[in-house]
Amino acid sequence: MERHDPPAAKWWQLAFGILCMAMIANLQYGWTLFVDPIDAKHHWGRAAIQFAFTLFVATETWLVPIEAWFVDRYGPRIVVCFGGVMIALAWVLNSYADSLTLLYVAAVIGGIGAGSVYGTCVGNALKWFPDRRGLAAGATAAGFGAGAAVTVVPIAKLIATSGYETAFLYFGLGQGAIVVLMSFLLRKPGISAPVKRKVLNLPQSKVDRTPREAVRTPVFWVMYAMFVMVASGGLMAAAQIAPIAHDFKVADVPVSLFGLQMAALTLAISLDRIFDGFGRPFFGFVSDKIGREKTMFIAFSTAAFAVILLLGYGRNPMVFVFATAIYFGVFGEIYSLFPATCGDTFGSKFAASNAGLLYTAKGTAAMLVPLGSMVSAAYGWTAVFGLIIGLNVAAAALAMFVLRPMRLRYLAGGAQEEALVARPAGIA
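Per an unreviewed UniProt entry, the chain goes by the name Oxalate:formate antiporter and belongs to Methylobacterium dankookense.

Here is the structure:
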């Protein structure tokens with residue numbers, strides 16, 4: 001018997017997915033708070049500790065296509081429930097880790113769990129909103145971007161008062177439990193509505209390309225390279241913001257804003273998450289109006305400017321707070337713009353699978369995060385900032401002068417292909 005879902009059901013499903021995403025956000029964005037405390041206790045070195053972050057992000061992203069297959073076969077509940085157990089286990093192991101090996105094992109387990117939740121929630125949102133995929137994906141991704149904002153302060157205080165081990169243990173169990181509970185409320189839609197093509201003034205494919213066809217095109221790999229460029233800079237910054245603040249001697253400097261006073265590092269991380277979360281749906285909306293590549297150019301150029309500001313004046317605690325907020329406000333948009341551009345280029349039918357393949361670029365970018373630690377140790381933060389600036393400037397140029405004309409040519413070829421297929425037999 002077919003099940004017809006009430007109109008409010010999809011919004012509840014979106015809300016459940018956003019909450020699950022918020023619960024895994026700390027695995028990535030809260031990590032920076034633990035780096036220096038771990039190093040202070042075990043003296044493993046920042047680069048060695050940050051390799052755990054690389055393993056986490058790589059595992060989280062590269063396994064998304066496999067986890068998506070399980071979701072399509074068994075539904076979202078079992079995959080998200082599994083993810084909740086894994087993220088809890090990962091942080092519990094972190095709380096007891098007395099060797100780098102155990103820290104790395106926990107990172108892999110956490111990556112598997114976070115990827116299960118991330119891939120499932122985004123994919124489920126796309127199924128519930130076939131005609132509003134931009135809104136659904138942007139809102140779901142915003143949960144991951146902004147989710148850490150509300151827990152940064154409690155985590156920082158718990159680390160300061162009870163140690164990082166206690167913070168790992170309590171928040172690991174709490175976050176995992178909430179994800180497990182939410183998993184029982186998630187489900188796929190009863191009857192899938194036909195996909196409606198958006199009426200946008202944007203170049204879009206009229207031919208649906210399979211993942212195998214997509215990865216054979218140069219335009220896919222240009223997008224992949226740009227994704228790696230921008231994501232690597234953002235992941236470096238996310239993982240290193242606490243060490244940077246300590247080296248700049250602004251981490252514990254009190255800053256007053258909107259009548260609130262807190263340490264510059266804690267305030268910076270909180271604002272970063274808020275701006276990151278807001279930027280994802282905002283830039284997706286802007287790109288619907290002015291085009292994907294133009295929006296990329298604006299965002300990537302703004303990111304480069306923010307890092308230049310941080311490099312020149314970041315030892316001022318207020319500048320540090322606002323420069324990092326601006327940077328992360330324009331960084332998170334890659335998780336809206338690249339899936340949207342991928343859908344525009346390769347069609348709607350396989351949009352989730354193609355976007356999942358493109359999302360693995362985040363895992364590739366994570367491989368550059370330890371490079372940031374090594375470069376900072378050898379040449380200082382100026383060299384790291386220069387690298388991030390260069391990557392964003394290069395990506396901005398590629399967006400306007402390479403990707404845009406390349407996509408237009410590719411879509412024109414697809415239109416000709418569709419015309420040939422649709423041409424009645426006997427007409428030459």
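Looking now at the overall build of the chain. Summing up its helical and strand segments, the chain has 19 helices and 2 strands in all. Within the chain, the proportion of its 428 residues that are buried is 55%. For the chain, contacts bridging at least 24 residues in sequence account for 84% of all contacts bridging at least 6. A total of about 18,100 Å² of accessible surface is found on the chain, and carbon and sulfur atoms cover 68% of it.

To continue, consider the packing of aromatic side chains. Under the criterion given, the structure shown has 23 aromatic pairs. Seen from their ring centres, F220 and F346 are 6.3 Å apart, and the 50 degrees between their planes marks the pair as tilted. Here F346 lies in helix α15 (residues 334–346) and F220 lies in helix α11 (residues 218–247), a separation of 126 residues in the sequence. F346 matches F220 in its accessibility class, with the two residues each being buried. Ring plane angle 70 degrees and centroid distance 5.8 Å describe the contact between F346 and Y410, whose orientation is recorded as edge-to-face. In this pair, F346 is assigned in helix α15 and Y410 in helix α19 (residues 381–422), connecting sequence segments 64 residues apart. Put simply, the rings of Y118, F227, Y327, F328, F331, Y335, F338 and Y359 touch in pairs and so form one group of aromatic residues. Geometry around F248 places R315 over its ring, the cationic atom sitting 4.1 Å from the centre.

Here we take up the nonpolar core. Grouped together as the largest cluster of nonpolar side chains are 123 residues, with contacts concentrated most on F34 and F300. There are two domains that each give this core at least three residues, and those are domain 1 (8–194) and domain 2 (197–427). Once residues lying within four places of it in the same chain are set aside, the contact partners of F34 are W91, I155, I159, Y164, A167 and F168. The next biggest cluster of nonpolar side chains, apart from the first, holds 7 residues, and it includes A9, L14, W128 and A139.

Time to look at the environment of K10. Structurally, K10 can be placed in helix α1 (residues 9–29). Between the C-alpha atom of K10 and that of K127, which follows or precedes it by 117 residues, the distance is 9.4 Å. Not counting residues within four places of it along the chain, the set of residues in contact with K10 comprises W128 and F129.

Okay, the pairing of strand β1 (residues 254–257) next. Side-chain alternation along β1 places V255 and L257 on a buried face and P254 and S256 on a face that remains uncovered. Pairing of β1 with strand β2 (residues 260–263), which is carried by 4 bridges, proceeds in the antiparallel orientation. In the sheet register, L257 faces β2, and the bridge partner there is L260. In this antiparallel pair of consecutive strands, β1 and β2, the connection spans 2 residues, and F258 shows a positive phi of 55 degrees.

One can find A303 in helix α13 (residues 292–313). A303 gets classed as buried once you look at its relative accessible area, which sits at 2%. Expressed as a C-alpha distance, the spacing of A303 and F331, which sit 28 residues apart in the sequence, is 6.9 Å. In contact with A303, not counting residues within four places along its chain, are Y327, V330 and N392.

So, on to the pattern of salt bridges. Under the definition given, this model contains 7 salt bridges. Of the charged contacts, one joins K362 and E60 as a salt bridge, the two residues approaching to 3.4 Å between their closest N and O atoms. Highlighted residues: K362 in helix α17 (residues 361–366) and E60 in helix α3 (residues 46–62), separated in sequence by 302 residues. Residues K362 and E60 agree in their burial class; the two are buried.

As a further point, take the packing of helix α8 (residues 149–162) against helix α9 (residues 164–183). Remark: α8 packs on α9, axes separated minimally by 7 Å, with the N-to-C direction vectors making an angle of 135 degrees. Between α8 and α9, the interaxial angle falls into the category oblique. Two secondary-structure elements touch here, α8 through T151, P154, I155, L158, I159 and S162 and α9 through Y164, T166, A167, Y170 and F171. Across the contact of α8 with α9, the residue classes break down as 8 nonpolar, 3 polar and no charged.

Axis separation between α11 and helix α14 (residues 317–331) bottoms out at 11 Å; the angle between their running directions is 155 degrees. As the angle between them shows, α11 and α14 are arranged roughly antiparallel. Along this stretch, α11 crosses α14, giving a crossing that reads as left-handed. Residue-level inspection shows V230, A231, G233, G234, L235, A237, A238, I241, I244 and A245 of α11 in contact with α14, the latter providing F320, T324, Y327, F328 and F331. Counted by class, the contact of α11 with α14 contains 12 nonpolar, 3 polar and no charged residues.

Cut-off values and rules
- Residues numbered from 1 in each chain as written.
- Predicted model: local features only at pLDDT ≥ 70, side-chain atom pairs only at ≥ 80, totals over all residues.
- Heavy atoms only, no water.
- Helix = DSSP H or I, 4+ residues; strand = E, 2+ residues; numbered from the N terminus.
- Buried < 20%, exposed > 50% of the residue type's maximum accessible area, 1.4 Å probe, protein only.
- Contact = heavy atoms within 4.5 Å.
- Areas by Shrake-Rupley, 256 points an atom, 1.4 Å probe, with all protein chains shown as cover.
- Phe/Tyr/Trp six-rings, centres within 6.5 Å; stacked < 30°, edge-to-face > 60°.
- Lys NZ or Arg CZ within 6 Å of the ring centre and 35° of its normal.
- Core = buried A, V, L, I, M, F, W, Y, C linked by side-chain atoms within 4.5 Å.
- Domains from an automatic or database assignment.
- Pairing = 2+ DSSP bridges.
- Salt bridge = Lys/Arg side-chain N within 4 Å of Asp/Glu carboxyl O.
- Axes fitted to C-alpha atoms, helices over the stretch in contact; angles between N-to-C directions.
- Parallel < 35°, antiparallel > 145°, perpendicular 65-115°, else oblique.
- Nonpolar A, V, L, I, M, F, W, Y, C, P; charged D, E, K, R; others polar.
- Left-handed = near helix turned anticlockwise from the far one by under 90°.

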